Amino acid sequence: MSTQFSSEQLDRLKLAMAKLKETVEPEVSAPQSVAVEEEEQLLAKGTYLKVDEDEMAAWLYLMPPEPDMVYSKQALIDYLASQGVIEGLHQSNLSAIIKKQVYEREILVAQGRAIQDGENGYFEYLFKPEEYGAPKIREDGTVDYTNINALPNVKAGQKVAVYHQAIQSVDGCTVLGNVLPGKMYHDLPPMRGKGIRREDEFYYAQMDGKIEVKDGKIDIQNVHEITGDVDMIIGKVEFFGDIIIHGNVEEGVTIRAGRNIEIHGSTSLANLYAGGDIILSRGIQGGNRSKVTARGNVFAEFIEHTTVEAGGTVQANVFMNSNIYSKEKVIATGKKGSIIGGYVDAVKGVEAVCAGNAVEIKTIIHCGYEAQTHEKMLEIRKKETEIKTKIADLVETMKEALREKRMRGTQTLPSTEKNLVDWDKLKDQYFVELDKVEGERTQLEEMVESSKGAEIRIDGNLYRGVVICINAEQIMIERNTCYMKYNVEKGVIEGSVIIHD
């Protein structure tokens, strides 16, 4: 027999069952985190927060929680906030405190943000003038005076400077949220200077020359002037343009100029190199250790105990015990106009007032091409013929191999292909060698051609013992004479008297 319940009775029945279940099976709740109120009370018992005097760091000393209670990271953050620490929270340290239960130790829990400094705009020079004008100290402590260059140089189009724009600072902040304002930084106006051009933030040289920084401005000049003496303290002067020295050049100095060198003082025991002319207003005393080299002319009051090489004319009042080589003429001018001792060689001729002296110092004067020129010419022509023969034989061999290759077609031997490649490289080497030999031959031919008509002319005293050389021929003066000129006729040196009107 089934019992029927109304819906109202069912509801009352369910409610009674629920109450019965609560009585028989009381609800068991899981362990809960410490309530905020309880946790704040717990943190106050022995727990403290220390903030550094500059407010840039905060340290938490945390006591262990009560039994059956745990801390949460959020509770720690709330505690820090209640103490005014709101910036720079050290999240990883806070997490580690909770995870590893780090108690009873001062732990960094907040770090302020320092001001990030900026900088004013500035020009970066792409050369280092501070490296010049001071001697360098070697590893052994001695001072090297020989490798000092008094000048930085640049070439046209070379980048010489770059501008770096100002970088503004970033404000800092303390752990308590106080802002630390940074400094304002400023840009510079565009650089003004001489011999430079600007492209965006970069500056370029407009010419070859010496570069200097004067009052924050770049100055490039084609002429470098030195008002005082140049000595071992300076050591070396190098410049792409002209160098003008108003003082003396002393022992151990090296001067290199892309163009001309002018020295208005005396010069002693120095080495000079110029892409143009060299002018020595008061001469040079070389002590048999100086060398003067110019692509152009060399002019000097006197040249003593010095080696001179010039692509043009060498001219001085007196040449004494020096070795002079000129591709044009050597001229001893003035009232003295003397060549005394040493060796003088000029392709187009030598002129002097006096040659040698009464004590018969050894003096050799040569003009025209060198004695060994014909031998060199024969050697070069022989070598040129040999190379041309090798090229002709090699080309013929290659032609034969190519004919064989066309006949064989796809059956061409690998060795033939390799040989053709090797032969082609060898042919190129032969042509390079031939170009070099032909260049040497051309130079010798030009020298021989320019020496035609070369003569040695002495407009005053010519002393006994002087050796006169023209091309491959030479004679020695047997007795003192004067007013003589010498040239070559049919391979023989002939002398004739100079007739003055």
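Going by the structure above, here's the rest.
Bear in mind the structure is a predicted one, so any value in this text is a computation, not a measurement.

Quick word on the overall build of the protein
Then, in step 1: Per the secondary structure count, the protein includes 6 helices and 36 strands.
Then, in step 2: Contacts in the protein between residues at least 24 apart in sequence constitute 40% of all its contacts with a sequence separation of at least 6.
Then, in step 3: Accessible surface, the protein as shown: approximately 29,800 Å² in total, 50% of it carbon and sulfur.

Details of the packing of aromatic side chains
Then, in step 1: Counting across every chain of the model gives 6 aromatic pairs.
Then, in step 2: Both rings, one in Tyr 71 and one in Tyr 103, keep their centres 6.2 Å apart while their planes meet at 70°; by these two values the pair is edge-to-face. Linking Tyr 71 in the loop between strand E2 (57-61) and helix H3 (73-82) with Tyr 103 in the loop between helix H4 (91-100) and strand E3 (106-111), this pair joins segments that are 32 residues apart in sequence. Judged on exposure class, the residue Tyr 71 and its partner Tyr 103 are both buried.
Then, in step 3: On the numbers, 4.9 Å between centres and 50° between planes, the contact of Phe 123 with Tyr 163 is tilted. Of this pair, Phe 123 sits in strand E4 (residues 122-125) while Tyr 163 sits in strand E8 (residues 159-164), and the two are 40 residues apart along the sequence. The pair Phe 123 / Tyr 163 is uniform in exposure class, with both members buried.
Then, in step 4: Here the aromatic residues Phe 123, Tyr 163 and Tyr 203 are joined through ring pairs into a cluster of three or more.
Then, in step 5: Here the guanidinium or amino end of Lys 159 rests over the ring plane of Phe 202, the centre of that ring lying 4.3 Å away.
Then, in step 6: A cation over a ring is seen here: Arg 256 above Tyr 273, with NZ or CZ 4.4 Å from the ring centre.

Re the pairing of E8
Then, in step 1: The sheet contact formed by E4 and E8 spans 4 bridges and is antiparallel. Across the sheet, Tyr 125 pairs through a bridge with Ala 161, a residue of E8.
Then, in step 2: Looking at chain direction, E8 and strand E13 (residues 202-205) are connected through 3 bridges and run antiparallel. When the sheet's bridge partners are listed, Val 162 is paired in E13 with Phe 202.

Digging into the pattern of salt bridges
Then, in step 1: Under the criterion given, the structure shown has 18 salt bridges.
Then, in step 2: A salt bridge links Lys 210 to Glu 212; its shortest N-O distance comes to 3.1 Å.
Then, in step 3: Given the relative accessible area of 26%, Glu 212 is considered partly exposed.
Then, in step 4: Via salt bridges that share partners, Glu 384, Lys 388 and Arg 441 belong to a single interconnected network.

A closer look at the sheet that holds E13
Then, in step 1: In space, the 4 strands of this open sheet follow the order E4-E8-E13-E12, with antiparallel pairing throughout. Looking at which strands have only one partner, the edges of the open sheet turn out to be E4 and strand E12 (196-199). If you compare each strand with its neighbour and ignore which way they point, the axes differ by 25° on average.
Then, in step 2: Where E12 meets E13, 4 bridges bridge the pair, whose relative direction is antiparallel. Following the sheet pairing, Glu 199 is matched in E13 by Phe 202.

Looking at the environment of Gly 349
Then, in step 1: Mapped onto the fold, Gly 349 is located in strand E29 (residues 349-352).
Then, in step 2: Residues Gly 349 and Ile 331 lie 18 residues apart in sequence; the distance between their C-alpha atoms is 8.5 Å.
Then, in step 3: Residues contacting Gly 349, with those up to four places away along its chain left out, are Glu 328, Lys 329, Val 330, Cys 367, Ala 454 and Glu 455.

Some points on the layout of surface pockets
Then, in step 1: The volume enclosed by the largest pocket comes to roughly 570 Å³.
Then, in step 2: Lining the largest pocket we find 22 residues, and of these Ser 326, Lys 327, Val 347, Glu 370 and Met 447 sit closest to its centre.
Then, in step 3: Broken down by secondary-structure element, the contributors of at least two residues to the lining of the largest pocket are strand E24 (284-294), strand E25 (298-310), strand E26 (314-326), helix H5 (373-408) and helix H6 (414-450).
Then, in step 4: For the lining of the largest pocket, the element with the most residues is H6, which contributes 6 residues.
Then, in step 5: Residue classes in the lining of the largest pocket are distributed as 7 nonpolar, 7 polar and 8 charged.

A word on the sheet that holds strand E7 (residues 153-154)
Then, in step 1: Strand order across the open sheet formed by 4 strands is E7-E14-E15-E11, with mixed pairing between neighbours. Lying at the two open borders of the sheet, with one neighbouring strand each, are E7 and strand E11 (193-194).
Then, in step 2: Of the strand pairs in this sheet, E11 and strand E15 (residues 217-221) are connected by 2 bridges, and their pairing is parallel. Within E15, the residue paired with Lys 194 across the bridge is Asp 219.

Focus on the environment of Lys 194
Then, in step 1: By the element assignment, Lys 194 lies in strand E11.
Then, in step 2: With 11 residues separating them along the chain, Lys 194 and Ala 205 place their C-alpha atoms 9.1 Å apart.
Then, in step 3: Among residues more than four places away in sequence, those in contact with Lys 194 are Ile 218, Asp 219 and Ile 220.

Regarding H6
The α-helix winds at 3.6 residues per turn, so residues separated by three or four positions along the chain end up facing the same way.
Then, in step 1: Its 37 residues give H6 an end-to-end C-alpha distance of 54 Å, which sits within 8% of 54 Å, the value for a rise of 1.5 Å per residue.
Then, in step 2: Three or more residues of H6 are buried, namely Thr 416, Leu 420, Lys 427, Tyr 430, Leu 434, Val 437, Arg 441 and Leu 444.
Then, in step 3: Elements that come into contact with the buried residues of H6 comprise H5.

Conventions used here
Residues numbered from 1 in each chain as written. Predicted model: local features only at pLDDT ≥ 70, side-chain atom pairs only at ≥ 80, totals over all residues. Heavy atoms only, no water. Helix = DSSP H or I, 4+ residues; strand = E, 2+ residues; numbered from the N terminus. Contact = heavy atoms within 4.5 Å. Areas by Shrake-Rupley, 256 points an atom, 1.4 Å probe, with all protein chains shown as cover. Phe/Tyr/Trp six-rings, centres within 6.5 Å; stacked < 30°, edge-to-face > 60°. Buried < 20%, exposed > 50% of the residue type's maximum accessible area, 1.4 Å probe, protein only. Lys NZ or Arg CZ within 6 Å of the ring centre and 35° of its normal. Pairing = 2+ DSSP bridges. Salt bridge = Lys/Arg side-chain N within 4 Å of Asp/Glu carboxyl O. Axes fitted to C-alpha atoms, helices over the stretch in contact; angles between N-to-C directions. 1 Å grid on protein atoms, 1.4 Å probe; cavity = no way out; pocket = protein on both sides within 12 Å on 5 of 7 lines; lining within 4 Å. Points joined across faces, edges and corners; volume = space filled by probe spheres on them. Nonpolar A, V, L, I, M, F, W, Y, C, P; charged D, E, K, R; others polar. Expected span 1.5 Å × (residues − 1).

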